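Observations on the model geometry
Read off the chains here:
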Amino acid sequence: MLRKFLPKEERFFELLEQQTEAIREGLSLFDELLKHPDRRHDLSVQIKTAENNADKVAHQIYHLLDNTFVTPFDREDIQLLVNRMDDVLDCVEKASARMDIYNIGSVTDAVRSMVKVLQESFDNLSKAIRMLRNRKNRKEVTQICIEVNRLENAGDMILRDALRELFKEASDPIHIIKFKEIYESLERATDRCEDVANVIETILIKNA
Amino acid sequence: MLRKFLPKEERFFELLEQQTEAIREGLSLFDELLKHPDRRHDLSVQIKTAENNADKVAHQIYHLLDNTFVTPFDREDIQLLVNRMDDVLDCVEKASARMDIYNIGSVTDAVRSMVKVLQESFDNLSKAIRMLRNRKNRKEVTQICIEVNRLENAGDMILRDALRELFKEASDPIHIIKFKEIYESLERATDRCEDVANVIETILIKNA
Amino acid sequence: MLRKFLPKEERFFELLEQQTEAIREGLSLFDELLKHPDRRHDLSVQIKTAENNADKVAHQIYHLLDNTFVTPFDREDIQLLVNRMDDVLDCVEKASARMDIYNIGSVTDAVRSMVKVLQESFDNLSKAIRMLRNRKNRKEVTQICIEVNRLENAGDMILRDALRELFKEASDPIHIIKFKEIYESLERATDRCEDVANVIETILIKNA
């Protein structure tokens, strides 16, 4: 009941943090799926639920935007930030759904490396978003955005090595189609993290 | 000749409605194509023409933006709305072109279901856009946006079932490549409808 | 040392031109790769370097935006312009990386035609960006944007013919997967050029 006395600005940050937590939950369920591919159906359903939860928080943020005159940053940027974060879990959920649909019983090291990079990238973003509360963190937030850009590059390199391997080793085109899509969905998730970092940089620019 | 006495605001709505009509025309030609896959070449050419017509209306709207000081909503949002609507027919046109290019002589139930969802989604959007003229329709427009979100989800579920079936039944990878692309183009069209709904929600937020 | 006396507005144009030059360098390296597919590894590494160079200029522009009060156009549009231009070389770099990864020893006429269209399209954009310095060029810039739209259409037609040929001739699905991806990356680069043209049109609209 204390919440309603909080300034609305504070409420935005709370919700953004809630959204990042919901997304981190989804990412950690995906990590679980990699360890137990036999439970891929159940876990992909749980990831879908995590995605829906993250989505609900996103809509709470839109609703708050709808009912707030003064927002901590430009409302368009908040909306873009929320959208792009949503995209991260969308891509991961897509990858998990494909693992279920395509009956993928065991994953490659490349999938594991990509998820590691993705989690590191998103952890960085969560930290950056928490730090947006304070203008003094400007330099550090910029550093985090640079790191997220570096991780996107690392993710892309893993994808390329994975594709090289896939096309060299596999003779079954259907196997290639399946894994190529899973690799690309995960790499796109890392791309979307970079997009989030770019929105954060825009916010820093506008609030310089 | 009466037109030039209409207020410019009215002219925007007229053009937006003209654009939605051109897109609906394209969607209904695609529906026709599903019923007569043997006429796929002719019909895909007609869909391309419908896409060009929709595009011309889009450019009329840009031109009007270019020459109007006061617009009914932020000009950037009008531009985004027009772009995203354009994308819907682009995706459908792509699907029809692929059916022609890949010589698809008969379609699956999944394609038919996806098009049904897509038409329902776009009909909702057309209605929402007509209702934007009046601020009193705010609640109802919001409801329509929620419905378009639900339909996007339904479209995604159909895609997933279709992929499961495709990979289970088909042994020909080239057949898989073709149908996967057609399914995904149609699902993307439903995604773009959701994007249109999101722009409409942004417009509602800004004009609260 | 004279540079610091230049008005900041001028500095934006200088950097935008530097970015277009870096991208043109990447495109011309890709053209070189088509002539010498046996040097695909080295050349794709050089294209990656060109992409990094273009990226560095992009970040200089963001930094300048960060430190400038009055910008020649809305800062959001400058950022979008820079992003979309960056995307052009990203797509081309992806195509060159795939040629290396997939061991593509010789290319088709369709690849060559697509690159020709792409270079023509980007040359037009470079010219349009140089002309943005002067409001008097408005009409001519609009004409260039229309031309870039036409070229995107031409690129799409080449893609379609190439796919028709690919699926008619090839019996090896892995070959189809590889070439389909290269064709689509190049066509997407032409699409991104159209996006750049659209941002330029937005800039013209806002500065009418």
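Computed from a predicted model, the values in this text were never measured in an experiment. Positions within a chain are numbered from 1, following the residues in the order the chain's sequence is written. Chains and ligands are labelled sequentially in the order written, the chains with letters from A and the ligands with numbers from 1. Local features in a predicted model are, by the rule used here, given only for residues with pLDDT of at least 70; side-chain atom pairs are given and counted only at 80 or more, and totals for whole chains, interfaces and linings are based on all residues. Side-chain figures throughout are based on the complete set of non-hydrogen atoms in the structure, without hydrogens or water.

1. Some details on the overall build of chain A
Within chain A, the regular secondary structure consists of 6 helices and 0 strands. A run of DSSP states H or I qualifies as a helix once it reaches four residues; a run of E qualifies as a strand once it reaches two. Both are numbered from the N-terminal end. Tracing chain A from N to C terminus, the helices and strands come up as α-α-α-α-α-α. Its C-alpha radius of gyration of 18 Å places chain A within 12% of the 17 Å reference for a compact globule of 208 residues. Along the first, second and third principal axes, the C-alpha set of chain A runs to 60 × 35 × 25 Å. Looking at chain A residue by residue over its 208 residues, the buried ones come to 57%. Note on contacts: a residue pair is in contact if any heavy atoms of the two residues lie within 4.5 Å. Pairs at least 24 apart in sequence give 80% of the contacts found in chain A among residues at least 6 apart. None of His or the chain ends enter the tally, which takes Lys and Arg as positive and Asp and Glu as negative. A charge is said to be at NZ when it belongs to Lys, at CZ for Arg, at CG for Asp and at CD for Glu. Of note, chain A has its 32 positive side-chain charges centred 3 Å away from the centre of its 39 negative side-chain charges. Each radius of gyration reported is based on C-alpha atoms, and the globular scaling rule is 2.2 Å times the count of residues to the power 0.38. To sort residues, take the accessible area from a 1.4 Å probe on protein chains only and compare it with the maximum for the residue type: under 20% means buried, over 50% means exposed, and anything in between is partly exposed.

2. Overview of unusual backbone geometry
Although it is not a glycine, A:Asn103 adopts a positive phi angle of roughly 55°. Relative to the assigned elements, A:Asn103 resides in the loop between α3 (75-101) and α4 (109-131).

3. Some points on the interface of chain C and chain A
In this assembly, 20 residues from chain C lie in contact with 22 residues from chain A. Here's the idea: put two parts together, see how much 1.4 Å probe accessible area each one loses, and the total over both is what we call buried area. Between chain C and chain A, a total of about 1,700 Å² is buried, with carbon and sulfur atoms accounting for 57% of that surface. Think of a salt bridge as a Lys or Arg side-chain nitrogen and an Asp or Glu carboxyl oxygen that are within 4 Å of each other. Counting the contacts that link chain C with chain A gives 3 salt bridges. The partner of A:Arg164 in a salt bridge is C:Asp100, with the nearest N and O atoms 3.6 Å apart. By the criterion applied in these results, polar contacts are pairs of N or O atoms within 3.5 Å in which, for protein atoms, one can donate a hydrogen and the other can accept it, and in which residues neighboring in sequence qualify only through two side-chain atoms. Taken together, the links from chain C to chain A amount to 3 residue pairs in polar contact (both at pLDDT 80 or more). Taken together, the elements giving at least two residues each to the side of chain C that touches chain A come down to α2 (40-66), α3 (75-101) and α6 (173-206) of chain C. Of the residues forming the side of chain C that touches chain A, the biggest block, 9 residues, is contributed by α3(C). Here the side of chain C that touches chain A is composed, by residue class, of 8 nonpolar, 2 polar and 10 charged. All residues other than Ala, Val, Leu, Ile, Met, Phe, Trp, Tyr, Cys, Pro, Asp, Glu, Lys and Arg, Gly among them, are scored as polar; the first ten of these are nonpolar and the last four charged.

4. A closer look at the environment of B:Gln79
Mapped onto the secondary structure, B:Gln79 falls in helix α3 (residues 75-101). For the pair B:Gln79 and B:Ala58, spaced 21 residues apart in sequence, the C-alpha to C-alpha distance is 8.7 Å.

5. Thoughts on the relation of the copies chain B and chain A
One copy of the chain maps onto the other through a rotation about an axis followed by a shift along the same axis. Our superposition of the copies is a least-squares fit, built on the C-alpha atoms of residues whose pLDDT is at least 70 in both. Each copy of the sequence occupies a distinct position, and chain B is placed on chain A by a rotation of 120° and an axial shift of 0.0 Å, giving an RMSD of 0.0 Å. Both copies are brought into coincidence by an operation consistent with a three-fold rotation axis. Measuring from the rotation axis to each C-alpha of chain B, the shortest distance belongs to B:Pro173, at 3.7 Å. When the interface residues of chain B are mapped onto chain A, a mere 9% of them are again interface residues, pointing to distinct binding faces.

6. Details of the interface of chain B and chain A
Contacts between the two partners involve 22 residues from chain B and, on the opposite side, 20 residues from chain A. The largest per-residue losses of area from chain B upon contact with chain A belong to B:Arg160, B:Phe167 and B:Ile205, which jointly make up 37% of the total buried on that side. In this structure, the connection of chain B to chain A is made through 3 salt bridges. Across the contact surface, chain B and chain A share 3 residue pairs in polar contact (both at pLDDT 80 or more).

7. Some words on the nonpolar core
Core analysis: the largest hydrophobic core is formed by 228 residues, its most contacted members being A:Tyr183, A:Ile200, B:Tyr183, B:Ile200, C:Tyr183 and C:Ile200. If sequence neighbours within four positions are ignored, C:Ile200 has contacts with C:Leu81, C:Leu125, C:Ala128, C:Ile129, C:Leu132, C:Val141 and C:Cys145. Nine residue types can take part in a nonpolar core, namely buried Ala, Val, Leu, Ile, Met, Phe, Trp, Tyr and Cys, and a core is a set of them joined through side-chain atoms within 4.5 Å.

8. Description of the relation of the copies chain C and chain A
Rotating chain C by 120° about the axis while translating it 0.0 Å along that axis superimposes it on chain A, leaving an RMSD of 0.0 Å. Of the residues that chain C buries at the interface, just 10% are likewise interface residues in chain A, meaning the two copies contact each other through different surfaces.

9. Brief notes about the side chain of A:Arg98
Inspection of the secondary structure puts A:Arg98 in helix α3. Contact partners of A:Arg98, with chain neighbours within four places excluded, come to A:Asn103, A:Ile104, A:Glu181, A:Ile182, B:Leu159, B:Arg160 and B:Leu163.

10. Some words on the packing of α3(B) against helix α5 (residues 138-169) of chain C
Look at α3(B) against α5(C): their axes get within 10 Å of each other, and the N-to-C directions meet at 35°. The hand of the α3(B)/α5(C) crossing is right-handed. Listed contacts from α5(C) to B:Glu93, B:Lys94, B:Ala97, B:Arg98, B:Asp100 and B:Ile101 of α3(B) are C:Leu159, C:Arg160, C:Leu163 and C:Arg164. The axes are straight lines fitted to the C-alpha atoms, using for helices just the contacting stretch, and the angles between their N-to-C directions are given from 0 to 180°. For a crossing to be left-handed, the near helix must be turned anticlockwise from the far one by less than a right angle; the clockwise case is right-handed.

11. As for helix α6 (residues 173-206) of chain B
Residue and element names in this part refer to chain B. Given a rise of 1.5 Å per residue, 34 residues ought to cover 50 Å, and the 48 Å separating the end C-alpha atoms of α6 matches this to within 8%. Along α6, 28 of the 34 residues are buried, which leaves the element largely enclosed by surrounding structure. Among the residues of α6, the N-terminal cap falls to Asp172, whose side-chain oxygen and the backbone nitrogen of Ile174 are separated by 3.0 Å. Helices are assigned an expected span. That span is 1.5 Å times one less than the residue count.

12. Describing the environment of C:Ala197
Inspection of the secondary structure assignment puts C:Ala197 in helix α6. The residues contacting C:Ala197, other than those within four sequence positions of it, are C:Leu125, C:Cys145, C:Val148 and C:Asn149.

13. Describing the state of the cysteines
We call a pair of cysteine sulfur atoms a disulfide whenever their separation is within 2.5 Å. As enumerated under the stated definition, the model contains 0 disulfides over all chains in all. Considering cysteine sulfurs only, A:Cys91 is the nearest to A:Cys193, which forms no disulfide, with 9.0 Å between them. A disulfide-free cysteine, C:Cys145 has its sulfur positioned 11 Å from the sulfur of C:Cys193, the nearest such atom. A relative accessible area of 1% places C:Cys145 in the buried class.

14. Describing the pattern of salt bridges
One pass over the structure, following the stated rule, counts 57 salt bridges over all chains. Between B:Arg24 and B:Glu21 there is a salt bridge, and its shortest N-O distance comes to 3.4 Å. Here B:Arg24 pairs with B:Glu21, and both are found in helix α1 (residues 8-35), just 3 residues apart, close to one helical turn. Measuring nitrogen to oxygen at the nearest pair gives 3.0 Å for the salt bridge that ties B:Glu181 to B:Arg98. Placement of B:Glu181 in helix α6 and of B:Arg98 in helix α3 is noted, with a sequence separation of 83 residues between them. B:Arg98 gets classed as buried once you look at its relative accessible area, which sits at 2%. Three or more residues are tied together by salt bridges with common partners; here these are A:Lys94, A:Arg98, A:Glu181, B:Lys180 and B:Glu184.

15. Regarding the confidence of the model for chain A
Residues and elements named next belong to chain A. Note: pLDDT gives the predictor's confidence per residue, expressed from 0 to 100. Looking at chain A as a whole, the pLDDT averages 92, with 97% of positions reaching at least 70. Mean pLDDT per element in chain A: helix α2 (residues 40-66) is the minimum at 93, and α4 is the maximum at 97. Note that residues 1-5 has pLDDT below 50 and, in this model, 2 contacts with residues that lie over four places away or in other chains. Scoring the predicted complex yields pTM 0.91 and, for the interface, ipTM 0.87.

16. Structural notes on the packing of helix α1 (residues 8-35) of chain A against α4(A)
Pairs of packed helices are described in terms of their axes, by the angle between the two and the distance that separates them. Residues and elements named next belong to chain A. Where α1 meets α4, the closest approach of the two axes is 10 Å, and the angle between their N-to-C directions is 165°. As summarised for this structure, α1 and α4 are arranged roughly antiparallel, according to the angle between their axes. Read as a crossing pair, α1 and α4 show a hand that is left-handed. Only Val111, Arg112, Val115, Leu118, Gln119, Phe122, Asp123, Ser126, Ile129 and Arg130 of α4 make contact with α1, whose side of the interface consists of Phe13, Leu16, Glu17, Thr20, Ile23, Arg24, Leu27, Ser28, Phe30, Asp31 and Leu34. Residues that form the contact of α1 with α4 fall into these classes: 11 nonpolar, 4 polar and 6 charged. Note on terminology: angles under 35 degrees are roughly parallel, angles over 145 are roughly antiparallel, angles of 65 to 115 are roughly perpendicular, and the others are oblique.

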